[in-house]
Structure formats: structure tokens, C-alpha cells
Amino acid sequence: MSAAKDSPGVHSKNKYLLFVGTYTQKESKGIYAYRFDAASSELTPLGVAAETVNPSFLAIDPTHHFLYAVNEVQKYKGADSGAVSAFAINRETGKLSLLNEVASRGADPCYIALDKTGKYVLVANYTGGNVAVFPIHADGRLGESSAVLQDIGTLGPVKERQEAPHSHWIEASAHNRFVYVSDLGLDRVLIYRFDATNGTLTKGEAGAAKSGSPDSGSHNASDFFSATLAPGTGPRHAAFSGNGNFMYVLGELDSTVTVFANEAREKFRSVQRISALPAGFSGHNDAAEIAIHPNGKYLYASNRGHDSIALFSIDGHTGTLTLVDHFPTQGKAPRNFEIDATGKFLFVANQDTNNIVVFRIDPNSGRLTPTGQTLHVPSPVCLKFVAAE
């Protein structure tokens, strides 16, 4: 994240707003805001930034003027759909002003991102098993969807969770020519062609890389660019190395990280599959989030059940991981976590204990130490920083 560099002036470059997306079935009212001074690590609560239903995932536009949130519901205006809300950010007060909302075109939208131009919002609809693209108008408002694409493929073996396609994560490639979609139900990261001139998605030519082998050589009509994971992995989120050569896919269902090498023309080859849990752990666990430190040396993953952050070191040449340690999150069901722009702090949202715990990152080892700071937020799910210019 380059927010620190984008902020003018010496005095403001370490000052941020922290927005927290939540589930609102219990006490939460919507999106909450904090001030964060990275120089002093001081946090100041700003209260409810916007009241909105189940804003479970957030995205910030490149200008830092607008925030976009999914509204993770199954019905919207009578249709089998969630919603997507657009807000203007007041960086002085931390308040969000609703610009508009549109149907997400599928039930339970659970992830949102912007393309590299900042002109389109990308949404993964979990229960809908599809993805959608929405143009952003000059005033930050969302237009109606410019593309909706249904995920298709062979379902995974975990019957209670892989009974249908379940889009769980979506991001544009570095060059903005493709969109990656992790589908928990299909055990695949699907790769769609993206046309940024008109916001459309299309399925690429046949060529699916299998986990453990480069290219199977046999394809059916549903095969297109993708990275296929071991059966029952349940891919949830993914992260990319800074040079784009490696993709790290977090398996929610089997609590693993699969490392893929990007070999050209979006052909991904699995080079490693490693557990995010300590040896001997036998309890139930659902892995939730994955992120690479800005220095590119460390990868982190959150475990719901073991209630920890797993730390891996990254081999810069091979892209492979070595498990270093686990750090208790001081709460239950850690969902999303976020590393601040300075790379010095890691914030963990513990959904079931209504708290966000702040850790200091050792720059030489990647290890986490609690700062003692805990924020109390009802059902926190997603964290996003914005430079407070």
C-alpha cells in the first residue's frame, strides 16, 4: 500500500483513517472509523462512519475519496442478490456519505475490489456463485453492472460446503488484463479476461493448470485459464508476490497455503502445499485471510479455530514457504487482518470476541508482538486504511 507516499506534507504522512466493516445481525450499526497515527501508534475512535447492513468487506478507490462496501445479504429488493454501496469519505471527520447502492447481481456478496484503473468495482457473490463488475462514475457513484459471469466447473468433495460454486475473492491482475476469482466450491482460482474499456469479463481459452503438475493436457468444455487446487481445499483468498511470479492461495477448508508459479500466459503450476496449522492440531479450523508483508519476505495467514496468525518466511527465488511460528490473536474467529502502510503494525479483526488487536511487526523476523492496544468493535470482519490527507 502506498498511501504514506501519496500523502502531502511531513506532518500528515503517518496519519490514517481505519475503516472497519462488520456484520450487523447483533450490535453493530455498520462501518466504524478510527484515526491512526503510525508514528506514535495512537488510535482514536471516531464512532459509526456509516449505518449500512452487513458491510462485510470494503475497498478504497485509488484517490482515497471513495469507499465501496458489499452488503452481504441474500435478498435485495425481492431478488436473490446482495447489494454494493458507494460512499464519499470525509477525511477530516472519518464520516462516510452514501452516494448510492446497486444490486450485486448475486446472493451474499463477500468480497470487493477495484480494478487497476480505479474505474470499476469487482464483486464476488458467495451464494450466487458468480462475479460482477460495476463501472464507477466520475462522482464516485456506481453504475449498473457491466458484466456478470457465473462460475462453472467440477464441485469439490466437501458436500456441506462445496455443494455449489462459491466465489470468495476477486482481484484484477497487475496489468489489468485478467481478473482472478477464487471459488471455494470448485477448488479453483478461475482466471477471466477483463476488458477495462467496457468493463466486461470473458472466459479465456482452454488451459487449466493442475495442482502438482503443469498442465494436464486434457480439457472439457468448462476448462479455461485457472489454477486448480487439491480436492477439498476450498480456496478462499489469495495473495501475489510483488513481482507477480507467485500466487499464494489460502484453503479455508483444509487450512493450507498452495504456492503457484505463474509460468506465462496465466499458466499456474503448483510448487508447494503447506499447512497453516501447527503439527498435531486436531480441532476444527477455518482459515480466513492471507497477506504478504510489504517487504515481500513474510506471509501471514489467519486461523479461525486455532485462533492464530501463522507466519511464513518466503524464499525470494523459489517462492516457497517455511512455517516460522503461530501467534495467538487474543480473540476468537480472526477474520481479515491488515498490515498498515508503514509495515510496522498488523491489525487483526476477531469476529466472535468483538475486538481488533494490534500487533507490532519485527522487521527482521516478521514476528508479532501485541502492543497492548485493543479496539472494541461489534462483529468486525474487514479492515482498510486510508491516508488522512
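Details of the structure are given in the entry above.
Description of the structure in this document. Keep in mind the model is a prediction, meaning the values are calculated, not measured. Residues take numbers from 1 onward in each chain, read along the sequence in its written order. Only residues with pLDDT of 70 or above have their local features reported here, since the model is predicted, and side-chain atom pairs are shown and tallied only from 80 upward, although totals for entire chains, interfaces and linings are computed over all residues. Side-chain figures throughout are based on the complete set of non-hydrogen atoms in the structure, without hydrogens or water.

1. Re the overall build of the chain
Inclusion rule: To qualify as a helix, a DSSP run of H or I must reach at least 4 residues; to qualify as a strand, a run of E must reach at least 2; elements of each kind are numbered from the N terminus. We compute the radius of gyration from the C-alpha atoms alone; for a globule the expected value is 2.2 Å times N to the 0.38, where N is the number of residues. Partly exposed residues are those whose accessible area sits between 20% and 50% of the maximum for their type, while under 20% is buried and over 50% is exposed, using a 1.4 Å probe and protein chains only. Any pair of residues with heavy atoms lying within 4.5 Å of one another is described as a contacting pair.
The secondary structure content of the chain amounts to one helix and 30 strands. At 20 Å, the chain has a C-alpha radius of gyration in line with the 21 Å of a compact globule built from 389 residues. When the backbone C-alpha atoms are referred to their principal axes, the chain occupies close to 55 × 45 × 40 Å. Burial status across the chain gives 59% buried among its 389 residues. Pairs at least 24 residues apart make up 49% of the contacts formed inside the chain by residues separated by at least 6 positions.

2. Focus on unusual backbone geometry
For Ser255, which is not glycine, the phi dihedral falls at a positive 55°. For Ser255, the location among the structural elements is in the loop between strand E19 (246–251) and strand E20 (256–262). Since its relative accessible area comes to 2%, Ser255 is described here as buried. A positive phi angle is found at Asp307, which is not glycine, with a value near 55°. As for its position among the elements, Asp307 is in the loop between strand E23 (298–304) and strand E24 (308–314). Asp307 gets classed as buried once you look at its relative accessible area, which sits at 14%.

3. Things to note about the side chain of Asp187
By secondary structure assignment, the location of Asp187 is in the loop between strand E13 (178–183) and strand E14 (188–195). Beyond its immediate chain neighbours, meaning those up to four positions away, Asp187 contacts Gly156, Pro157, Gln162, Ala227, Thr228, Leu229, Ala230, Pro231, Gly232, Thr233, Gly234 and Pro235.

4. A closer look at empty space enclosed by the protein
Put simply, the test is: A 1.4 Å probe that fits but cannot get out identifies a cavity on a 1 Å grid over protein atoms alone, an open set with protein on both sides within 12 Å along at least five of seven lines counts as a pocket, and a residue lines either if it has an atom within 4 Å of a point. Grid points are joined across faces, edges and corners, and a volume is the space filled by probe spheres set on the points.
Under the definition given, this model contains one cavity of 30 Å³ or more. One number sums up the size of the largest cavity: a volume of about 30 Å³. The set of elements that each furnish at least two residues to the lining of the largest cavity consists of strand E18 (235–240), strand E22 (286–292) and strand E26 (334–339).

5. Observations regarding the pattern of salt bridges
Which entries qualify depends on this criterion: Definition used for salt bridges: Asp or Glu carboxyl oxygen within 4 Å of a side-chain nitrogen of Lys or Arg.
In this structure the tally under the stated criterion is eight salt bridges. For Lys75, the salt bridge goes to Asp80, with nearest N and O atoms at 2.4 Å. Comparing Lys75 with Asp80, the two get one shared label, exposed. Taking the shortest distance from any N to any O, the salt bridge between Glu252 and Arg161 comes out at 3.1 Å. One end of the pair, Glu252, is in the loop between E19 and E20; the other, Arg161, is in the loop between strand E11 (147–150) and strand E12 (167–172), with 91 residues separating them in the sequence. With relative accessibility at 3%, the residue Glu252 sits in the buried group. Since its relative accessible area comes to 23%, Arg161 is described here as partly exposed. One network of salt bridges, in which partners are shared, links Arg161, Arg236, Glu252 and Arg304.

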